[in-house]
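# Residue-level structural notes
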Amino acid sequence: MLGSCSDFLEKPPLTNLSESSYWVNASDAEYAVNGLYEAFYELDGGGAFSPGGAPYYDILTDLVWLYASWEFGAYDLTSGSLNADNGWINGFWSKKYQYIRNSNFFFENIDKVKEKLSDDQYRDYCGQARTIRAFLYMRLLQAFGDVPLVRNTLSADDWPGRDKADDIINFIMSELDQAIEELPATQSDERHGRIYRDVARAYKARAALHVAGFYEKTEYYRIAADALKPLVENPVYELWERNSDPVDNFDEIFWAANEGADNKEILFSDQFMKERRPNNMSTCLAGPGWKGLQATQGLIDQFECTEGWQANGIRFADMNTYRNTKNEKSPLDGKSALYDPKDEIKNRDPRLNATFWNPNLYIDETDGKLKKRGEDWVAGNRNFAADRENDCYFPKKLVDPTNYNPEYYYGNSDNNYPLVRLSDMYLLYAEALNETGRTDEAETFVNKVRDRVKMPAVHSTDRTEMRDIIKHERKVELLFENVLYWDYKRWKELEKTMPFGAEFYGFRREAWGFESVRFQQKFLTFPKYNLWPIPSGELRNNPNMTQNEGW
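Since the structure is predicted, the reported quantities are computational estimates derived from the model, not experimental observations.

### A look at the environment of F384
Position of F384 relative to the elements: it lies in strand β7 (residues 382-384). Residues F384 and F394 lie 10 residues apart in sequence; the distance between their C-alpha atoms is 9.4 Å.

### As for helix α8 (residues 219-232)
Its 14 residues give α8 an end-to-end C-alpha distance of 20 Å, which sits within 8% of 20 Å, the value for a rise of 1.5 Å per residue. What α8 keeps buried is the set Y220, Y221, A224, A225, A227, L228, L231 and V232. The secondary structure elements touched by the buried residues of α8 are α6 (165-182), α7 (197-214), β2 (266-270), α14 (422-435) and α15 (439-452).

### Observations concerning unusual backbone geometry
Here the amide bond leading from N405 into P406 is cis, since omega sits at 15°, within 30 degrees of zero. Of note, the bond from F526 into P527 is cis; its omega dihedral lies within 30 degrees of zero at 10°. Among the structural elements, P527 can be located in the loop between β10 (518-521) and α19 (536-541). Positioned with a positive phi, H192 is a non-glycine residue whose angle comes to about 70°. Backbone geometry at E275 places phi at a positive 70°, although glycine is not the residue there. The topology assignment puts E275 in the loop between β2 and α10 (281-286). Under the relative-accessibility criterion, E275 is labelled exposed at 66%.

### As for the nonpolar core
Soluble globular proteins tend to bury their nonpolar side chains together. By size, the foremost hydrophobic cluster in this structure holds 174 residues, and its most contacted members are F106, I110, Y137, F144, Y203, F356 and W532. Here the element with the most residues in this core is helix α5 (residues 119-144); it accounts for 14 residues. Not counting residues within four places of it along the chain, the set of residues in contact with I110 comprises W23, A29, L117, Y122, Y125 and C126.

### So, the packing of aromatic side chains
Counted by the stated rule, this structure contains 48 aromatic pairs. Each ring, one from Y37 and one from F40, has its centre 6.2 Å from the other, and the planes form 55°; the classification is tilted. By relative accessible area, which is 3% here, F40 ends up buried. Ring geometry for Y488 against W491: centres 6.1 Å apart, planes inclined by 35°, an arrangement best described as tilted. Of the two residues, Y488 and W491 both sit in helix α17 (residues 484-491), three residues apart, roughly one turn of that helix. Comparing Y488 with W491 shows no difference in burial state: the two are buried. A cation over an aromatic ring shows up here: K114 above the ring of Y122, its NZ or CZ 4.5 Å from the ring centre. Sitting above the plane of the Y362 ring, R373 keeps its charged end 3.8 Å from the centroid.

### Concerning the side chain of T131
Here T131 lies in helix α5. Assessed through its relative accessible area of 0%, T131 is described here as buried. Among residues more than four places away in sequence, those in contact with T131 are L176, A179, L183, I195, A200 and Y203.

What counts as what
- Per chain, residues are indexed from 1 in the order of the written sequence.
- In view of the model being predicted, local features appear only for residues whose pLDDT reaches at least 70, and side-chain atom pairs are presented and counted only at 80 or more, with totals across whole chains, interfaces and linings using the full set of residues.
- Hydrogens and water molecules were not included; the side-chain quantities draw on all heavy atoms of the structure.
- In this text, helices come from DSSP runs of H or I with a minimum length of four residues, and strands from runs of E with a minimum of two, each type numbered from the N-terminal end.
- Between the first and last residue of a helix there are one fewer steps than residues, each counted as 1.5 Å, and that sum is the expected span.
- Only protein chains enter the accessibility calculation, which uses a 1.4 Å probe. A residue is then buried if its area is under 20% of the maximum for its type, exposed if over 50%, and partly exposed in between.
- Contact between two residues is taken to exist if any of their heavy atoms lie within 4.5 Å; hydrogens are not considered.
- Buried residues of nine kinds, namely Ala, Val, Leu, Ile, Met, Phe, Trp, Tyr and Cys, make up a nonpolar core once their side-chain atoms join them within 4.5 Å.
- Under the pairing criterion, centres of Phe, Tyr and Trp rings, with the six-membered ring standing for Trp, must be within 6.5 Å; the plane angle then separates stacked pairs below 30 degrees from edge-to-face pairs above 60, leaving the rest tilted.
- Any Lys NZ or Arg CZ found within 6 Å of a ring centre and within 35 degrees of that ring's normal is scored as a charge over the ring.

Have a look at this one:
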């Protein structure tokens, strides 16, 4: 009787895998690694309108405003009202440590099936998991600074304190160095969903550039350049360019139809599938009644005319600082004969129309009001016009035509989200070269990115000027790819571009005889906002945890 009760109580669950029944087969290691990839998901805006989400991190800069504050839990970070009780900040912290725990668990158990794996499989799985764990610590370092460095699964009685940033940095670098040795040289997934050697190099470079800039450890610029050199020189990769239209060449990089092996610009992406794992990008960015992300006029002013700023004597440095666009005209106004204040899209860098829909503004003669005809998009079989008063410019980039054509599929997009893209790597390499005194070489890689969209080459032998050119180029090339906020942090441009009390406006209405409308006024204080607060729950539960300065 006792024996049968004991057998019953020790019976494993019938519907879920238990630890005792896992780590038995070689496939268990692959499944465990696959489960770690969810760590890269950093889209928001799903909420009650799940599934999926959209890339909202750019609202944390001076470039983009979010119409509906409830769509992004870190909205308080944009206005100056953030506190340590913010649920989104807590979720960010918790998710990163959840997947760090899963990564640690993987390393504690993979040797149980090592003999059932080939040497290449074993090294590959370890390299993938190591890259993911390094990415997670990179994000925690970028967001919070000093954080607990946890290398094993914790018991309920473990209360780790915060380790110094130097220890976190050393761990990230050593993990990625080992991963580069372990991973295969080529990708096994033609849709760019699997980590391989160059992906680890990309994340090493990103981490190194953050350390070089934010922590002013300038020797890390050389580390970043060395990590990127074999990647940017790899002839396998090339910028997407399929026809003579530079708008299409940029816009179509991100379409689901172009995600296969022919797309040699995307190195790594977060994978989505309709019905099973969709995203909400097309709906959040351009869906009927939605269109929450809206460009500030300051962002629109970032785009050059087709002849380039240098031809008009416009300094890139002047655009990498705060500008009150209600009081200040476009930098092109009075300098470029190509500029039309009533048609901001006309004669501009093609990436402007590839990133935002053309509102096609006009004055309605019947009532004298300023209205928007919108843009007719053949690929989506639809007209895209603004739904709200202020959203004159809302995103076109990352919007997939299959979400609208032949019919509108609410919240069910399957275009993948780019995580590592070649043009990003070119610009990171240019930055690392420039900061190590190789400005002439840096210029070459900046101009590779510009040439794809038929923008004129830039020229400078001055390191400071080239630094401002690279910053500008990243802003217009990488919008909505969740990298610019982290750029601003390492560049230390948050305070420069969003000083206390700064006002941000929608599209410039003065050319039409109206007054610009203010989107938002920001009250961020620095250096406080250079790092986020440690979540209050961590402080309450962990006696060894301390708070960041000012919070």
